[in-house]
Amino acid sequence: MNSLSARGPGRVELLGNHTDYNDGVVLSAAINFAVTVQGEVRADRNVTLHSTISPQAVCEPLSRLDKQTGDASWANYPLGVASCLREADYPVEGFEMRISSDLPPGAGLSSSAALEVATACLLMKLFSLEIAPMELAKLCRRAENDFVGVKCGLLDQVSSIFGKRGQAVYLDCRSEKVENIPLPPQTELLVFHTGVEHRLVGGEYNERRERCFAAVRALGVPALRDVTAAHLEAARSQLDDLVYRRAAHVVGENERVFAGIDYLRNGDGASFGKLMFASHASSRTNFENSTPELDVLVDLAHEEPGVLGSRLTGGGFGGATISLVEAERAEEIARHLEEKYTARTGNQGRAYLCESADGAA
Ligand code: ADP
Ligand code: MG
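Here the structure is a predicted model, which is why all the values come from computation and not from measurement.

(A) Fine view of the overall build of the chain. Counting secondary structure elements, the chain contains ten helices and eleven strands. The C-alpha radius of gyration computed for the chain amounts to 21 Å, which stays within 12% of the reference 21 Å derived for 361 residues, consistent with globular compactness. Projected onto the principal axes, the alpha-carbon positions of the chain cover approximately 65 × 50 × 40 Å. Sorting the 361 residues of the chain into buried and exposed places 58% on the buried side. Of all intrachain contacts in the chain linking residues separated by at least 6 positions in sequence, the fraction that spans at least 24 positions is 71%. Of the accessible surface of the chain, which amounts to about 14,800 Å², a share of 48% is contributed by carbon and sulfur atoms. If the 36 positive side-chain charges of the chain are averaged to one point and the 49 negative ones to another, these points end up 2 Å apart.

Below you can see the structure in the form of structure tokens.
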């Protein structure tokens, strides 16, 4: 039987924090760390999955792809993709698939979307499916939302599919328009994991969403996407302070994404980097989704020559920072940050020096 393979890259969020559920805009990049899958068609109408992260294979009959629990729950991402493709009437039959990856799971680099996208691309090849890239992103998100049961936006899957080497991915969450924008030349992306897992306790996340929606109701607009910073300032006295600050973060992030696109188009990495620092400052004071460890990392990055910008990436409450750094100083910067971060916090952080990469599709 012919064995085929596919690859789904991870991603970093560069600007546009918590904008997705506010109909907003976001800039990300696919990176050269990825989930790779290899597999072949099986004649017996079973789906058999193996991963290097687990000694146990998972085998499910195609006629009943059940949600896995406990140690086997990693299999829900590929099972979810197979299930969603079948529900959408794509002729997916039995297959065997082996998963390997150099993307650390749970580090905020979106290994889950990378796994979904890699699986979907393999199934497209194995069963000769034609699926447009945006449709593919939505099917993968549906697998994560409905089968795995995680409420994520579209960014992760879009980045993994639409990424381009040397380019950022711009996503407008309202119109679902996607565009590639050139990243500054001679720069690299330095992801630094704090060693502290996401503390995205449901309650915190829901509070942020609720306050954003409270601002929308008070301002009488369809979404925070429709609010400018000037509009928000003018209405400040009518808003509860927390509602104001949560909204100010999202409104500011949308404006920083638009300003950031202009800087990128002009090749102005220095100004883009300043927006990244401003984004983090707003996370710190307005949205309060930073942590002491993330703050230490951004402060250390700020002092380090060759760092253009740095901020928390992803949901916050733990996880990782992303820094835009000069390529020729990148390794030295990564080493310095690792040493200084451990000295300052006692935590073992980990730097991942990334390049922007082509997407899966
Ligand atoms: P993130 O997407 O930020 O890495 P998530 O919690 O959304 O974090 O997804 C991580 C989950 O994705 C893991 O717990 C695992 O279930 C699954 N996963 C990631 N990489 C692999 C892999 N190589 N093999 C099997 N499952 C994986
Ligand atoms: Mg994920």
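(B) Local environment of the layout of surface pockets. Counted as a void, the largest pocket has a volume near 1,100 Å³. Along the wall of the largest pocket there are 42 residues; nearest its centre are Arg11, Ser110, Ser112, Glu144 and Asp156. Those elements that provide at least two residues to the lining of the largest pocket are strand S1 (4-15), strand S2 (25-41), strand S5 (95-101), helix H2 (111-126), helix H4 (155-162) and helix H5 (202-219). Taken together, the residues of the lining of the largest pocket break down into 18 nonpolar, 17 polar and seven charged. Per-domain counts for the lining of the largest pocket show at least three residues from each of domain 1 (4-181) and domain 2 (184-354). In this structure, the second largest pocket occupies an estimated 250 Å³ of space. Asp20, Arg141, Cys152, Gly153 and Leu154 are the residues nearest the centre of the second largest pocket, which is lined by 13 residues in total. When its residues are assigned to classes, the lining of the second largest pocket shows six nonpolar, two polar and five charged.

(C) View of the site of ligand 1. Close to ligand 1 lie 14 residues, the nearest being Ser51, Gly106, Ser110, Ser111 and Ser112. Within the backbone of Gly108, an N or O atom sits 3.5 Å from an oxygen atom of ligand 1. At 2.7 Å, a side-chain N or O of Ser111 approaches an oxygen atom of ligand 1. Compared with its free state, where it exposes 560 Å², ligand 1 has 79% of that area covered by protein. The cavity that encloses ligand 1 is the largest pocket. Sorting the residues of the shell around ligand 1 by element identifies S5 and H2 as the ones contributing at least two each. For the shell around ligand 1, the class distribution of residues is seven nonpolar, seven polar and no charged.

(D) The nonpolar core, seen in detail. With 78 residues, the main nonpolar core has Leu14, Leu27 and Phe95 as its most contacted residues. With ten residues, the single largest contributor to this core is H2. Two domains share this core, each providing at least three of its residues, namely domain 1 (4-181) and domain 2 (184-354). Once you skip the residues sitting within four places of it in the chain, Leu14 turns out to touch Leu27, Ser28, Ala29, Ala168, Leu183, Leu189, Phe272, Met276, Arg311 and Ile322. Listed in part, the 19 residues of the second largest apolar core include Tyr205, Val216, Ala235 and Val251.

(E) A look at the pattern of salt bridges. Inspection of every chain in the model, using the stated rule, returns 29 salt bridges. In this structure, the salt-bridge partner of Glu93 is Arg45, at a minimum N-O distance of 2.5 Å. With a gap of 48 residues between them, Glu93 in the loop between helix H1 (76-87) and S5 and Arg45 in the loop between S2 and strand S3 (46-51) connect regions that are remote in the sequence. Look at Glu93 and you get partly exposed, because its relative accessible area is 31%. Residue Glu332 pairs with Arg329 through a salt bridge whose shortest N-O separation is 3.1 Å. Residue Glu332 is classed as partly exposed on the basis of its relative accessible area, which comes to 32%. Through salt bridges with shared partners, one network takes in Glu204, Glu207, Arg208, Arg211, Asp241, Arg245, Arg246 and Glu288.

(F) Region of the structure containing the packing of helix H7 (residues 241-265) against helix H8 (residues 269-287). At their nearest, the axes of H7 and H8 sit 10 Å apart, and the two run at 175° to each other. Judged by the inter-axis angle, H7 sits roughly antiparallel to H8. Only Ser271, Phe272, Leu275, Ala278, Ser279, Ser282, Ser283, Thr285, Asn286 and Phe287 of H8 make contact with H7, whose side of the interface consists of Arg245, Arg246, Ala248, His249, Val250, Glu253, Arg256, Ala259, Gly260, Tyr263 and Leu264. Looking at the contact of H7 with H8, its residues break down into nine nonpolar, eight polar and four charged.

Conventions adopted
- Residues numbered from 1 in each chain as written.
- Chains lettered and ligands numbered in written order.
- Predicted model: local features only at pLDDT ≥ 70, side-chain atom pairs only at ≥ 80, totals over all residues.
- Heavy atoms only, no water.
- Helix = DSSP H or I, 4+ residues; strand = E, 2+ residues; numbered from the N terminus.
- Rg over C-alpha atoms; globule rule 2.2 N^0.38 Å.
- Buried < 20%, exposed > 50% of the residue type's maximum accessible area, 1.4 Å probe, protein only.
- Contact = heavy atoms within 4.5 Å.
- Areas by Shrake-Rupley, 256 points an atom, 1.4 Å probe, with all protein chains shown as cover.
- Lys, Arg positive; Asp, Glu negative; His and termini not counted.
- Charge placed at Lys NZ, Arg CZ, Asp CG, Glu CD.
- 1 Å grid on protein atoms, 1.4 Å probe; cavity = no way out; pocket = protein on both sides within 12 Å on 5 of 7 lines; lining within 4 Å.
- Points joined across faces, edges and corners; volume = space filled by probe spheres on them.
- Nonpolar A, V, L, I, M, F, W, Y, C, P; charged D, E, K, R; others polar.
- Domains from an automatic or database assignment.
- Near = heavy atom within 4 Å.
- Polar contact = N/O pair within 3.5 Å; in protein donor to acceptor, adjacent residues only side chain to side chain.
- Sits in = over half its atoms within 2 Å of the grid points.
- Core = buried A, V, L, I, M, F, W, Y, C linked by side-chain atoms within 4.5 Å.
- Salt bridge = Lys/Arg side-chain N within 4 Å of Asp/Glu carboxyl O.
- Axes fitted to C-alpha atoms, helices over the stretch in contact; angles between N-to-C directions.
- Parallel < 35°, antiparallel > 145°, perpendicular 65-115°, else oblique.

The quantities given are spatial measurements derived from coordinates; they are silent on function.
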